[in-house]
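Below are the chains, spelled out letter by letter.
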Amino acid sequence: MRYFLDTEFNGYGGELISLALVPEYGDQEYYAVLPISAEPHGWVQRNVLPYLASVPPGFVSEELPRTAVARQVAHYLAADSDPVIVADWPEDIAHFCNLLVTGPGDIAPVGSLKFEFISSPGFSTAENSRVPHNALHDARALRDFVLAAEA
């Protein structure tokens, strides 16, 4: 199954702040917020941080350690024998992959993964999201855009 990915991060090249995976089918979505160790970039402070908790009830929006998020992602994907991670921004894939590295020579037990980068000129997840720059809402917007384009 495909999982639509979105991340928020602390400016260009900055650390991962939040991550969401939204499945192609069903409602078993994943969302996590990570602690920020560096001073938040001004744009991030204004446009991302105020919306981290803008998720439906039942989603954990408090910060979790990086290794805990990596383990949760592995657990979330464990039931799928052929997961495909879909993103429309290459840095989202880079942050996702970097998250999975939990230490020197260690990786979260995700098994095999495939990645699909979708070039979507003219489409903006933020402009089509219910809560712009919230990873969960942006991932939902990406899923809706891709599924509508395929229909």
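Okay, so let's go over this structure.

The rules we used
- Residues numbered from 1 in each chain as written.
- Predicted model: local features only at pLDDT ≥ 70, side-chain atom pairs only at ≥ 80, totals over all residues.
- Heavy atoms only, no water.
- Pairing = 2+ DSSP bridges.
- Helix = DSSP H or I, 4+ residues; strand = E, 2+ residues; numbered from the N terminus.
- Axes fitted to C-alpha atoms, helices over the stretch in contact; angles between N-to-C directions.
- Contact = heavy atoms within 4.5 Å.
- Salt bridge = Lys/Arg side-chain N within 4 Å of Asp/Glu carboxyl O.
- Buried < 20%, exposed > 50% of the residue type's maximum accessible area, 1.4 Å probe, protein only.
- 1 Å grid on protein atoms, 1.4 Å probe; cavity = no way out; pocket = protein on both sides within 12 Å on 5 of 7 lines; lining within 4 Å.
- Points joined across faces, edges and corners; volume = space filled by probe spheres on them.
- Nonpolar A, V, L, I, M, F, W, Y, C, P; charged D, E, K, R; others polar.
- Phe/Tyr/Trp six-rings, centres within 6.5 Å; stacked < 30°, edge-to-face > 60°.

1. Section: the sheet that holds strand 7 (residues 114–117)
Link 1 in the chain: Strand order across the open sheet formed by five strands is 3-2-1-4-7, with mixed pairing between neighbours. What marks the edges here is a single partner per strand, and that holds for strand 3 (30–33) and strand 7. Each strand axis lies, on average, 25 degrees off the axis of its neighbour in the sheet, ignoring direction.
Link 2 in the chain: Sheet topology places strand 1 (residues 2–9) next to strand 2 (residues 16–23); seven bridges connect them, and they run antiparallel. Residue Glu8 lies in a different strand from strand 2, and its bridge partner there is Ser18.
Link 3 in the chain: Running over the sheet, helix 3 (residues 90–100) touches strand 1, strand 2, strand 4 (84–87) and strand 7 and is turned about 90 degrees from strand 1.

2. A look at the pattern of salt bridges
Link 1 in the chain: Tallied over the entire structure, the rule returns five salt bridges.
Link 2 in the chain: Here Glu24 ties to Arg2 by a salt bridge, and the two come within 2.8 Å at their closest N and O atoms. You can see Glu24 sitting in the loop between strand 2 and strand 3 and its partner Arg2 sitting in strand 1, a full 22 residues away along the chain.
Link 3 in the chain: Across the pair Glu29 and Arg140 runs a salt bridge, and its minimum N-O distance is 2.7 Å. Separated by 111 residues along the polypeptide, Glu29 in the loop between strand 2 and strand 3 and Arg140 in helix 5 (residues 135–150) bring together distant segments of the chain. In this structure, Glu29 and Arg140 share a single accessibility class: buried.
Link 4 in the chain: Via salt bridges that share partners, Arg2, Glu24 and Glu150 belong to a single interconnected network.

3. Points about the layout of surface pockets
Link 1 in the chain: Estimates place the volume of the largest pocket at around 430 Å³.
Link 2 in the chain: Lining the largest pocket are 20 residues, and of these Asp6, Phe9, Trp89, Thr125 and His133 sit closest to its centre.
Link 3 in the chain: Put simply, the parts of the chain that give the lining of the largest pocket at least two residues each are strand 1, helix 1 (42–47) and helix 4 (125–128).
Link 4 in the chain: Here the lining of the largest pocket takes four residues from strand 1, the largest share from any one element.
Link 5 in the chain: Looking at the lining of the largest pocket residue by residue, the classes come out as eight nonpolar, seven polar and five charged.

4. As for the packing of aromatic side chains
Link 1 in the chain: Inspection of every chain in the model, using the stated rule, returns four aromatic pairs.
Link 2 in the chain: When the centroid spacing of 5.7 Å and the interplanar angle of 70 degrees are considered together, the rings of Tyr3 and Tyr76 count as edge-to-face. Taken as a pair, Tyr3 in strand 1 and Tyr76 in helix 2 (residues 66–77) lie far apart in primary sequence, 73 residues in all. Here the two residues Tyr3 and Tyr76 agree in accessibility, since each one is buried.
Link 3 in the chain: Here Phe123 and Phe145 contribute two aromatic rings whose centre-to-centre distance is 3.9 Å and whose plane-to-plane angle is 15 degrees, an arrangement assigned as stacked. Taken together, the residues Phe123 in the loop between strand 7 and helix 4 and Phe145 in helix 5 connect sequence positions 22 residues apart.
Link 4 in the chain: For Phe123, a relative accessible area of 14% gives the class buried.
Link 5 in the chain: Three or more aromatic residues joined by ring pairs make a cluster, and in this case those are Tyr3, Tyr30 and Tyr76.

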